[in-house]
Structure formats: C-alpha cells, structure tokens
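Here is what each chain is made of, one letter per residue.
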Amino acid sequence: MAAAWIRGKTASLDDAVAQAAGLLAASRLPVIAGLGTDVAGARAAVGLAQRLGGAIDHMHSAALLRNLDVMRGSGMMVTTPNEARLRGDLLLLVGPGLAEAWAEMPERLFSDGGRRRIAWLCPGDDAKTAGRYPDMRVLGEPDDLPIILAALRARCAGQPVGQTAVAADLLAALAADLTNARFGVALWSAAHLDTLTIDMLCGLVKDLNSTTRFSGLPLAPPDNAAAVQQVSGWMNGFPLPVCFARGFAEHDPWRFDATRLVESGEADCALWISCYGPHAPAWKRELPTIALAAAPSDLHADVVIAVGQPGIDHDAVGYLSATATIAALPARSPADALPAAEALAMIAAALPAARPC
Amino acid sequence: MLTRLTGGRVIDPANGRDAVGDLHFRDGRIVDAPPGGRADESYDVSGKIVMAGAIDIHSHIAGNNETLGRLLLPEQRYALDFVHPGHMPQPRGAWNTFETGGLYAAMGFTTVVEPAMLPHHALQAHLELSDIPIIDKAALTVLGNDDFLLSLLRAKESAAAVRDYVAWTLAASRGLGIKVINAGGAEAFKDNVRSFSLDDEVPAYGVSSRAIVKALQRAVSELGLPHPLHVHCNNLGLAGNVETALATIDAAEGLPLHLAHLQFYAYGKEGPRGFSSAAARLAEAVNAAKHVTVDVGQVMFGQTVTISCDVLRQFNARNQARPRKYVIFDGDSNGAGIVPYDYRRSDFYNAVQWAAGLELFLLTDDPWRVLFTTDHPNGAPFTAYPDILALLMDRDLRAQWIATLPAEAMAVTVLPSITREYTLAEVATMTRPAPARLLGLKDRGHLAPGAVADVAVYTPDRDKAKMFRAAALVFKNGELVVRDGAVIAQPFGRAFDVRPEAAREIERRMRDYYDARYGLSPSFLCVPEAAIGRPDPFEAVSCSR
C-alpha cells in the first residue's frame, strides 16, 4: 500500500487520491509540472492535463527548448552516442556540464587509448574531468565561449578573425583539425549553454559538412526530459509546455511555463511529479499542490503520494543515455512501489464525470 | 449482435462482387446473411458504395523521425483550418497520433503501414503506433545500412546467416516486413560519399548496393515473409533516375520486389531544362515485370515536410528546404533527414513531378500491382488522397489542373494526352485487396464471410474528392467509428508483426556482437509487449514457411 499524506498527516491512498482529484476539479487552471516520470507516467499526465483543461510542463523544458529553438529556427545535424564512440575521430566538447549530463561519457568516449582527438572548449567546472586526460586539448573559459565559437566558425570558413581569449595559433590549429576530421562530433549540454551559443555551434557543424562529415550530440537534461518531450511531441503534436485550456493543445514557451503560471497567479493548483530524485518546484508562491514523489519526505504539499522510481522499483520505459533512444528499462531492484502512471490513473478515475469549463 | 447494411452497391474485387446487395457482420467478422434474416442493427445504405476498409501500405506516421518532424514545424500546427465537424481547430499538418487515426478513419481507411522503423528506435515507433486510434497498423523494419549485415556480406557468410539475422531483427523490432532504403548509401555518406548508385560499393565493406538488396530479397523470400522486400532505390529525385528504377526492376530477377514511391524515380533528362517525366517508360517496365509491385508516391501541391531515412538524399536536398531549415540525423545504421518542402504549381520541377505520378497510375495496367500512396508526408499529406482519386477518375478535372500548370512542364510529360479514368472497381482494388494481399493480411481488404468487419460506406458524388473525403459510415471490427466524416468512437487497433523462425545460435551471436561493438546488451532495441501500455497490442501474421 503506497504511503500518502494529506496536509502532513498520513492518509490512505484512496483518501489522498480523492483529495487530489477534488483539488484539481475545483481549480480554474491546474498545471501538471515537474514531470520527472517515465513514458507511461508522461502519457498518463498528458491525458490528465487534457481532461482537466490544464497546462503541462517539464522541470527542464527550458533547456530542451534551447536546442529546439535552434532546431526549429534553422535546423540541426545530430548523431548518436554510439556513432560518436565508434566513428568519431575528433570530438569537440563544448561548455560545462557534460560529465554531469552523461556520467558514462568519460568511459564511453575518452577511454579508448588515443584513437580520437578531443578538444574541450570552455569546460568550466568540468576542467577537473578534462584534466584527467593529458592528451585532451582544453581551451577557454565559459564567459568567452560565444566569441571563441564564432571565431572558430569564421576560421573554419577561411575568414580572418581578430583577437580572442584563445591564442590565434591554437584557434587556427583547432579549426584545421575540425576541417580535417573524417567524422567529427560536437557535444554539448543545453542546460549549460544559451540558445545563441548553441545556434553558433550548430551552424559550425553544418558549415563543416560542405567538405567533410561532422555532426552534433546534444546531451539530454536529466529526469527523463528527452523522452517526455518525445511523448508530448507525438501525443500533442507540440513540445512542452502545452496547455489545453481552450479545449485543444496549445504550445507557448512563455505563456505556459509552469513557474510563470504559478508565480503570476494564473495557475491555481499544481500537480508536481518527481520520480527520479527529490526535486522541488522552482516557484515560491503557495497554492494547492499535489505531489507524486519518489522521495516525499522533503515536500510540503497538500497531498503527497509516494511513487516508485522508474527502472529501479518497477519496470519502466525511458531515455537511455548510452543510445539516446527510448528503451525498456527493467526494474533493477523491484519493490512494491506505486508507479506514477498508476497514481495518475487513479486520480483521473476519481475526477467528477464532467469538468465545468 | 448482428449488423446489416442493406441496399448498398458492394464493391469487393477480391471476391468478384460488384452489385447491389446486403452485407452482414457479427462479433467483428463478416458473416453470411442469416437464414430468417433478423438483424439487431440495420443501416439502410441504398444508393451508397460499400467497400472493405482501405489499406495504406506506405505512410510515415510513427517513430522518432516523425516526432522530429512535428517538433521541427510547429508552424504547421499553428496554421489552423476550422473544418472539423466538431468545430475544433484542425492543424494543417504535423498531426499528432490521435489526429492521425481520426483523419484516416474519416476517409474510410482502417489499416496503415509505417514503412521505416529503425531497429534501434523500434520501441518508440510502436509506442507512437499504439497511440494512433481506430486503425490497425504495422511497421517495416529498416535494414541495409547496418554494420552487422554489411559485415556478413563482406565476409561472404552464408545466406542462412543473413536469414537468421533478418529474422532476429524482425522479431526484436516487431516488424511486419523488411525495408531497405538507398542500400549502403547512409553508411557511405558517413564516409563522406556524396552520391551512391546501385553498383557503387560501400567504403570499408566493398559491398555494392545491389548486393545488399539481393541479399535481403533472398532472405525475405527464404523466410517466407508475406511482404516482399520493400525497396527505396538509390538516386531519389535526380534527373535521369529512371535508369536506376529500371535497373532495380531488372535486379529483382523474377523474385518479388516492391518499389516504394516510384514517382520519385520517374524522371528523365529530356527537354530544355534537362528534367522530364519518364513515367511512360517506367510504366511499361512495371507492366512487363509481373513479379514487381510498386506504390506511386504521388506529389500534390502545398506545404509539407519530407521525412526519410535516406540520409544522403535528404542531405543533398537540404538547400531546397522550404522553409529553410532541416534536421539530418546520422543514426546507428540508417538515420533520417527531415526537410520541409513546398510543392508549387508554378514550379516547373514540381509540376513535372505531379504529372509523373498521375502518369504512373494511368499508364500501368494492373491495379493489383500499383498501389495508392503519397509516401506521406513526402509527396503530400495523406489528407490529399481524396483529391488524387478525383484526378484519377475524372479526366476533365485533370485538364482543368493541367491548364493552371506551366506549359513547359506539361510539354515534357504525356499526361495531357491521357484520357483513361479509373473506375470505382479499380480504385477499390488498388486500395483494398491489393495492399492486403501484399502484406499477407488474409482477412482484410475484402468482404467475404470470415473477413474482419472493417467496412467503409461512401455517398456517391460527381465530386469524387467529396465522396472519398468524408465516409458516410466506417466500421472497425464491426464497431461504428465514423458517421458522415466525423469520428464517433475511438477504439484502438493492433499492430501486425511476423515472427519467422531463426536458428537458436543467432541470439548468442547478437549478444556477443552488441557487447563487442557497442559494449551494450541488445535488449535496448526490444519491444516488450508490457511496455506498450495497451491491452493486446500485437497480432501475428503468418509466414508461408
């Protein structure tokens, strides 16, 4: 029997579900947020948001949207972690946060004894990781990244550049290496870069393909963000955030940002889902909140339901960093835990039959 | 519950039926008229046309590539048509999975095949398929640019080894058949090769595109798969590529072969622009090659997006993107290219493409072997189907369209001189029993007792587009799902798959291969039934072995 709490006091799961359904049904604009859940949970959440006429957003949608804005603005060339590992003879790591985004990256990409050249631009805090590999070139600080990338792109195109934080001969050498790569791969974490920097990097990748082969590997944010975005893409036709308040899916990154909706008072009830870790919402304002959480002790919501960790407590479908695909993830240590998808189904079933507009 | 449709003109080419009469079904199956004749539910369809539900053999509706297309083009969804009967705004494109099922059902389609499922992305393809309501579906598994196969061929391993690998991949990915897309081209492109033809060799493997196609064709045949090898040829879209299509037809060597979206290979080099329709020549070859089937891939004017695993072709076409953006994905074997495109009436090339597709339909003589597609969304969205049927059935309508197109484009085709009009029976054959037979779906595409009660009823109209756009009634497994073009119920169908036998050793061999090459277990590409999240999501189709 799943643990549940209503206003801090232990409650039966059925009572918690009924309370949650009541709060959602009584609200004008509920928002389902966090959305750190497996594919089944994301599918259930989208269905529930549609049923409620509410908004839905993932805690890392801002990072996802940085890549997406570049993609849907001017396009992108991408490849897989497997191809980077098997074929990449030159890797261009860009910015900080890569080791955090893909914990196995050093083992997958750095450990095969010199078969590829690796350069890391502006690693920032990742300099510690970079420092373990003496053959890895490290250039620049995070603040200088936009200029360094622009200069690199210009040099690769044979244009002269002015002075940057990186010595001219080092920049020229790197540009030559990029142009001469047989299958180069740029890696970055959108959570740690801004949209224009990503746009410049993706432009460089496209430019290099006029003469050689080069591609990009965006590292996904955590909490199953990439898989949840795919779910929204196929179910809604749009990435998150999405809102169903007008009876159909609408996408607007500003209007339907969950934190903004709550802070502005437009949203008057929140359903927060976090199955992969003890993450709390970014908003400060208080409003009726239901939390489905794998680590509920830190949350002070009106209703809290303990749910399982996908791929640990129960079988799940989610994003696999090693392959950058959606894959079936069997439970590593099965436990009697309530999957978020089931909790959401119970809440949906407890809603009154017709929701007033 | 016994349902009866009375007084309709039942067109069922598979069973030689084209006459006014009744149709009965019970428990999701067509049945004989019961003696005594009491039906629980009766529909008077006098004056209407009754056919089996239509089957689309090649339409890109589900998978990571399709979702990339959706994410790339939000503007297709912001452009809204308020035409839906429920007055919900209807996006012009980039339809989500729920919209896809409803839009197909409204036109009387009850089965659709996703033709390009990448093995490493099979689970996502099936998840998306499972969120498409009403229709039954299937997916074809893509091979031909994968290291394992190319390595087998380089090492000159046995046909049995290829067979086992194909069987293993089909079973793991739950595909219905095998698709090969510019065999070797995607792999060659990773080695910076920029053009790739049937007799070119993949660097590092020394294996030709032709050899890959032949090896897969042989494996498909020896496994007894119901669907022939489904081939996307080299050189798509290039002037003069009719030679590639003809060479590929020859390469079939008497064994079954299906050529996808043939219109995109119907180009010659004649005329002042060095680009012309060669569809007449191609149609003649198709007519003579009785073991070859094709689907047309008709182009229609308007904004769309091209979604294709032919990475090389899409990369080469990237600068024609309209709007000017694209995604090129170098996947683990085949990948994808997503390139938006706007086919324009005023564009010489697009007008020739439009004509070439119609020429293929009208100059071929066997509706059992020439199937009806737009290679959605690559030639046009599937919602253009009613308009294409109208053009096939009405030569005056064709003439009206031709009059609006650049004369110099029509001058390099023979379309203006073609007077043939498709009959209802030919339309029915092409869209029902022909695809059913080609997919091994013995109880679909026809209306004999025992067939699944997938039934489409149309109201005849001089305007054939109107007739086919909004079916009067559509039954799926005997349940009424569409009335007057509006979806009234959304049950979920199933995905068909084949489970050919493979030698036991292949499991171990693939585990060892994935461990050695990727340092991973191959379990990531499997499609466990429990992961789909719907009851009973699959239905096995039998092999002939």
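Okay, so let's go over this structure.

### Observations concerning the overall build of chain B
Right, on to step 1. Across its full length, chain B carries 19 helices and 28 strands.
Right, on to step 2. Computed over the C-alpha atoms, the radius of gyration of chain B is 22 Å, within 12% of the 24 Å expected from 2.2 N^0.38 for a compact globule of 545 residues.
Right, on to step 3. Its C-alpha atoms give chain B principal-axis dimensions of roughly 70 × 60 × 45 Å.
Right, on to step 4. Residues classed as buried in chain B amount to 66% of the 545 residues present.
Right, on to step 5. Looking at chain B alone, contacts between residues at least 24 apart form 76% of all its contacts between residues at least 6 apart.
Right, on to step 6. Element-wise, carbon and sulfur atoms account for 50% of the exposed surface of chain B, whose accessible area totals about 18200 Å².
Right, on to step 7. If you average the places of the 55 positive and of the 63 negative side-chain charges in chain B, the two averages end up 1 Å apart.

### Quick notes on helix α8 (residues 209-222) of chain B
Residue and element names in this part refer to chain B.
Right, on to step 1. An ideal rise of 1.5 Å per residue puts 20 Å on 14 residues; α8 measures up with 20 Å between its terminal C-alpha atoms.
Right, on to step 2. Where α8 is concerned, the buried positions are S209, I212, V213, A215, L216, Q217, A219 and V220.
Right, on to step 3. G224, located one to two residues past α8, shows a positive phi value of around 70°.

### Here we look at the packing of aromatic side chains
Right, on to step 1. Tallied over the entire structure, the rule returns 30 aromatic pairs over all chains.
Right, on to step 2. Between F109(B) and Y385(B) the ring centres are 5.5 Å apart and the planes differ by 50°, which places this aromatic pair in the tilted class. Note that F109(B) is positioned in strand β9 (residues 109-117) and Y385(B) in helix α13 (residues 385-393), a separation of 276 residues in sequence. Considered together, F109(B) and Y385(B) belong to a single accessibility category, that of buried residues.
Right, on to step 3. When the centroid spacing of 5.6 Å and the interplanar angle of 85° are considered together, the rings of Y513(B) and Y514(B) count as edge-to-face. Judged on exposure class, the residue Y513(B) and its partner Y514(B) are both buried.
Right, on to step 4. Three or more aromatic residues joined by ring pairs form one cluster here, namely W95(B), Y104(B), F109(B), F361(B), F372(B), F382(B), Y385(B) and Y422(B).
Right, on to step 5. R213(A) extends its terminal NZ or CZ atom over the ring of F189(B), reaching a point 3.7 Å from the ring centre.
Right, on to step 6. R77(B) extends its terminal NZ or CZ atom over the ring of F238(A), reaching a point 4.9 Å from the ring centre.

### Details of the packing of helix α8 (residues 145-156) of chain A against helix α9 (residues 168-180) of chain A
All names here are of chain A.
Right, on to step 1. Close contact between α8 and α9 brings their axes to 9 Å; oriented N to C, the two are set at 60°. Between α8 and α9, the angle is such that the two are oblique. Note that α8 runs across α9; the crossing there is right-handed. Counted together, I148, A151, L152, R155 and C156 of α8 and L171, A172, L174, A175, L178 and T179 of α9 form the full contact between these two elements.

### Quick notes on unusual backbone geometry
Residues and elements named next belong to chain B.
Right, on to step 1. The linkage connecting R322 with the following residue, P323, adopts the cis geometry, with an omega of -5°.
Right, on to step 2. Inspection of the secondary structure assignment puts P323 in the loop between α11 (311-316) and β20 (327-330).
Right, on to step 3. Residue P377 is bonded to the preceding H376 through a cis peptide linkage, with omega at -5°.
Right, on to step 4. Examined against the element boundaries, P377 turns out to sit in the loop between β22 (370-371) and α13.
Right, on to step 5. Although it is not a glycine, D27 adopts a positive phi angle of roughly 50°.
Right, on to step 6. Examined against the element boundaries, D27 turns out to sit in the loop between β2 (17-26) and β3 (29-31).

### Re the nonpolar core
Right, on to step 1. Counting residues in hydrophobic clusters, the biggest one holds 269 residues, and the most contacted among them are L92(A) and W354(B).
Right, on to step 2. For this core, the leading source of residues is helix α12 (residues 348-363) of chain B, giving ten residues.
Right, on to step 3. With residues near it in sequence (within four places) discarded, L92(A) still touches A119(A), L121(A), L152(A), L174(A), L178(A), V185(A), A186(A), L187(A), L201(A) and L204(A).
Right, on to step 4. Within the second largest apolar cluster, 18 residues are counted, among which are Y43(B), V50(B), A451(B) and V455(B).

### Some points on the interface of chain A and chain B
Right, on to step 1. On the chain B side, the residues contacting the 49 residues of chain A number 49 residues.
Right, on to step 2. Of the roughly 4100 Å² buried where chain A meets chain B, counting both sides, 56% is carbon and sulfur surface.
Right, on to step 3. Applying the counting criterion to the chain A and chain B interface returns five salt bridges.
Right, on to step 4. Counting the contacts that link chain A with chain B gives 28 residue pairs in polar contact (both at pLDDT 80 or more).
Right, on to step 5. If you list the elements that add at least two residues to the side of chain A that touches chain B, you get α2 (39-52), α3 (61-74), β5 (76-79), α4 (81-87), β10 (213-219), α11 (225-236), β16 (316-320) and β17 (325-329) of chain A.
Right, on to step 6. If one sorts the elements of the side of chain A that touches chain B by residue count, α11(A) sits on top with six residues.

### Points about the environment of G485(B)
Right, on to step 1. Among the structural elements, G485(B) can be located in the loop between β25 (479-483) and β26 (486-487).
Right, on to step 2. Considered as a pair, G485(B) and G102(B) are 383 residues apart in the sequence and their alpha carbons are 9.4 Å apart.

### Topic: the sheet that holds strand β13 (residues 269-274) of chain A
Residue and element names in this part refer to chain A.
Right, on to step 1. A sheet is described by the order of its strands in space; here nine strands give the open sequence β2-β1-β15-β14-β13-β3-β4-β11-β12, paired in mixed fashion. The open sheet has two edge strands, β2 (9-11) and β12 (250-251), and neither has a second partner.
Right, on to step 2. Two elements, strand β3 (residues 30-36) and β13, share five bridges in a ladder whose sense is parallel. Its bridge partner lying in β13, I32 is registered against L271.
Right, on to step 3. Running at roughly 175° to β3, α2 makes contact with β3, β4 (55-56) and β13 of the sheet.

### A look at the packing of α12(B) against helix α14 (residues 395-403) of chain B
Residues and elements named next belong to chain B.
Right, on to step 1. Packing of α12 against α14 brings their axes to within 12 Å, and their N-to-C directions diverge by 160°. Taken together, the axis directions place α12 and α14 in an arrangement best described as roughly antiparallel. Note that α12 runs across α14; the crossing there is left-handed. Mapping the contact onto sequence places W354, L358 and L362 in α12 and R398, W401 and I402 in α14.
Right, on to step 2. A class-by-class count of the residues in the contact of α12 with α14 yields five nonpolar, no polar and one charged.

About the criteria used
- Residues numbered from 1 in each chain as written.
- Chains lettered and ligands numbered in written order.
- Predicted model: local features only at pLDDT ≥ 70, side-chain atom pairs only at ≥ 80, totals over all residues.
- Heavy atoms only, no water.
- Helix = DSSP H or I, 4+ residues; strand = E, 2+ residues; numbered from the N terminus.
- Rg over C-alpha atoms; globule rule 2.2 N^0.38 Å.
- Buried < 20%, exposed > 50% of the residue type's maximum accessible area, 1.4 Å probe, protein only.
- Contact = heavy atoms within 4.5 Å.
- Areas by Shrake-Rupley, 256 points an atom, 1.4 Å probe, with all protein chains shown as cover.
- Lys, Arg positive; Asp, Glu negative; His and termini not counted.
- Charge placed at Lys NZ, Arg CZ, Asp CG, Glu CD.
- Expected span 1.5 Å × (residues − 1).
- Phe/Tyr/Trp six-rings, centres within 6.5 Å; stacked < 30°, edge-to-face > 60°.
- Lys NZ or Arg CZ within 6 Å of the ring centre and 35° of its normal.
- Axes fitted to C-alpha atoms, helices over the stretch in contact; angles between N-to-C directions.
- Parallel < 35°, antiparallel > 145°, perpendicular 65-115°, else oblique.
- Left-handed = near helix turned anticlockwise from the far one by under 90°.
- Core = buried A, V, L, I, M, F, W, Y, C linked by side-chain atoms within 4.5 Å.
- Buried area = accessible area lost by both parts, 1.4 Å probe.
- Salt bridge = Lys/Arg side-chain N within 4 Å of Asp/Glu carboxyl O.
- Polar contact = N/O pair within 3.5 Å; in protein donor to acceptor, adjacent residues only side chain to side chain.
- Pairing = 2+ DSSP bridges.
- Nonpolar A, V, L, I, M, F, W, Y, C, P; charged D, E, K, R; others polar.

That is the geometry; function is a separate question.
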